[in-house]
Amino acid sequence: MSKIIGEGIKGIRRSKLFQVNVLYSAAGGLYYPAIPLYLRGLGINVNLTSLILSGLSLSGFISAVLWGRLADSPSRRRRIITITVISGALLYMILALPLPLMGFIIILLLANLMAPGAIPVIMAEASGWVNATEEMGYYWIGGSLGYSLTTAFTGLILERLGIGLIFLISSILILGVYMVSRSMNFSSIRKESTEVIKGVQSNGISSAFWLLVFSIIIFLFTDVAKNLYIPVFYAFNLGMGYALSTLTLSIEAFLEIPVIYASTKMLNRVNAWLIFGLSLILAGFFYILNAFIPPDPLYAFLVMSSYSLVWGTYSVSSTELVARLTDLRRRGTAYGVYNSAFPIANIIGPLYIGYVISASGYRHGLIYLSIPALVLGIIILKYTKHNSSIS
């Protein structure tokens, strides 16, 4: 066991993907949970907040598809990272200034069009490395660590110092992403571009890839609820306040790290579809647990911590499946579509989740929201069990 842990620590230390996602997710851990809390503090109701968040996510969708498609060409990747990251950092600096609500929303839309564009580019590049599965595991560990470190302070900073400081720190962290990406070697330890993958069509993308994308969107409704609605539920319905409600996100994200590492190791022995289907079922149960949570902060921390099992299994299995279902010449497009699933879920999710919660209340609404993930997860597990040859 100590040898395995030692190998993992050594791998993390040398992984550029780990460093990139620590910084990128640390920025996201500051501003992403803060936005709905900031809007709620301004007196904006849940339906209008959901509409604003859905509009914001539309820019994220465009960013992922546009920059991912351009990243099919390896020669463009460094330039894309420079353009997206530097522009995003400058726009976050502007958001740190006092702005009227409409100006704040417009700049936030533009920032979300630029900064996230670097991620599908980096993932497309890394997927061609010979140690891609291991490196993607380190990437997700970095994301969980970065998110956990900053969400611990998001509510506290928002309450005492305001949204401006949150975006100023986020800007500095995004500039750190640029500095790390400059040191990445984009030409080393690459697989051959002639790689042939079973089931991949002549256009370089398997038909099963689109099933995966649909399933990811259903899954990500849970992540939308976990990041945007559950903290509000904890803060106002359970009376925990901003600081404690966002602290639950921090502790949960930190607990994802061992789950991600274990799931990465499991991919060498277990069908990736099986792990992915399990993540959907766990997501459904996460909704149900929150629906029955008593008004006690201890239970809130325990239930939120269970999400580490959900995200830990989802993250590594989904990125592995993208690589298995596409070939190298279409990885930019594939990871662009993969990353666009999150903004799609954020466009539809707030409208869907907001309507269900408004109509049924938080507790009943969460039970209804559990059904799609549970059903789809069971279907994937049954299909995988009877089709062991599936990628």
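Details of the structure are given in the entry above.
Notes on the structure follow. (Residues numbered from 1 in each chain as written. Predicted model: local features only at pLDDT ≥ 70, side-chain atom pairs only at ≥ 80, totals over all residues. Heavy atoms only, no water.)

### Points about the environment of Ser 144
And step 1. Structurally, the position occupied by Ser 144 is in helix α7 (residues 132-160).
And step 2. Ignoring anything within four residues of it in the chain, the contact list for Ser 144 reads Ala 253, Phe 254, Glu 256, Ile 257, Ile 260 and Trp 311. (Helix = DSSP H or I, 4+ residues; strand = E, 2+ residues; numbered from the N terminus. Contact = heavy atoms within 4.5 Å.)

### Let's talk about helix α11 (residues 272-291)
And step 1. Taking 1.5 Å of rise per residue, 20 residues should cover 28 Å, and α11 covers 30 Å from first to last C-alpha, within 8% of that figure.
And step 2. Across the 20 residues of α11, 14 count as buried, placing the element largely inside the fold.
And step 3. Where α11 begins, the side chain of Asn 271 points an oxygen toward the backbone nitrogen of Trp 273, at a separation of 2.8 Å. (Expected span 1.5 Å × (residues − 1). Buried < 20%, exposed > 50% of the residue type's maximum accessible area, 1.4 Å probe, protein only. Polar contact = N/O pair within 3.5 Å; in protein donor to acceptor, adjacent residues only side chain to side chain.)

### Focus on the side chain of Ser 181
And step 1. Among the structural elements, Ser 181 can be located in helix α8 (residues 163-182).
And step 2. Polar contacts involving the side chain of Ser 181 include one to the main-chain carbonyl oxygen of Tyr 178, which spans 2.8 Å.

### As for the packing of helix α9 (residues 208-237) against helix α12 (residues 297-305)
And step 1. In the contact formed by α9 and α12, the axes pass within 12 Å of each other and the chain directions differ by 170°. Between α9 and α12, the angle falls in the class roughly antiparallel. The segment α9 lies against α12, with Lys 226, Ile 230 and Tyr 234 engaging Ala 300, Val 303 and Met 304.
And step 2. Split into classes, the residues belonging to the contact of α9 with α12 amount to 5 nonpolar, no polar and 1 charged. (Axes fitted to C-alpha atoms, helices over the stretch in contact; angles between N-to-C directions. Parallel < 35°, antiparallel > 145°, perpendicular 65-115°, else oblique. Nonpolar A, V, L, I, M, F, W, Y, C, P; charged D, E, K, R; others polar.)

### Remarks on the pattern of salt bridges
And step 1. Inspection of every chain in the model, using the stated rule, returns 5 salt bridges.
And step 2. Close ionic contact of Glu 125 with Arg 77 constitutes a salt bridge, the shortest N to O distance being 2.7 Å. Linking Glu 125 in helix α6 (residues 118-126) with Arg 77 in helix α4 (residues 77-95), this pair joins segments that are 48 residues apart in sequence. For the pair Glu 125 and Arg 77, a shared accessibility class is recorded, and that class is buried.
And step 3. As a salt-bridge pair, Glu 252 and Lys 226 come within 3.1 Å of each other at their nearest N and O atoms. Here Lys 226 lies in helix α9 and Glu 252 lies in helix α10 (residues 241-266), a separation of 26 residues in the sequence. Both residues of the pair, Glu 252 and Lys 226, count as buried.
And step 4. What you see here is one network of salt bridges that share partners, running through Arg 69, Asp 72 and Arg 330. (Salt bridge = Lys/Arg side-chain N within 4 Å of Asp/Glu carboxyl O.)

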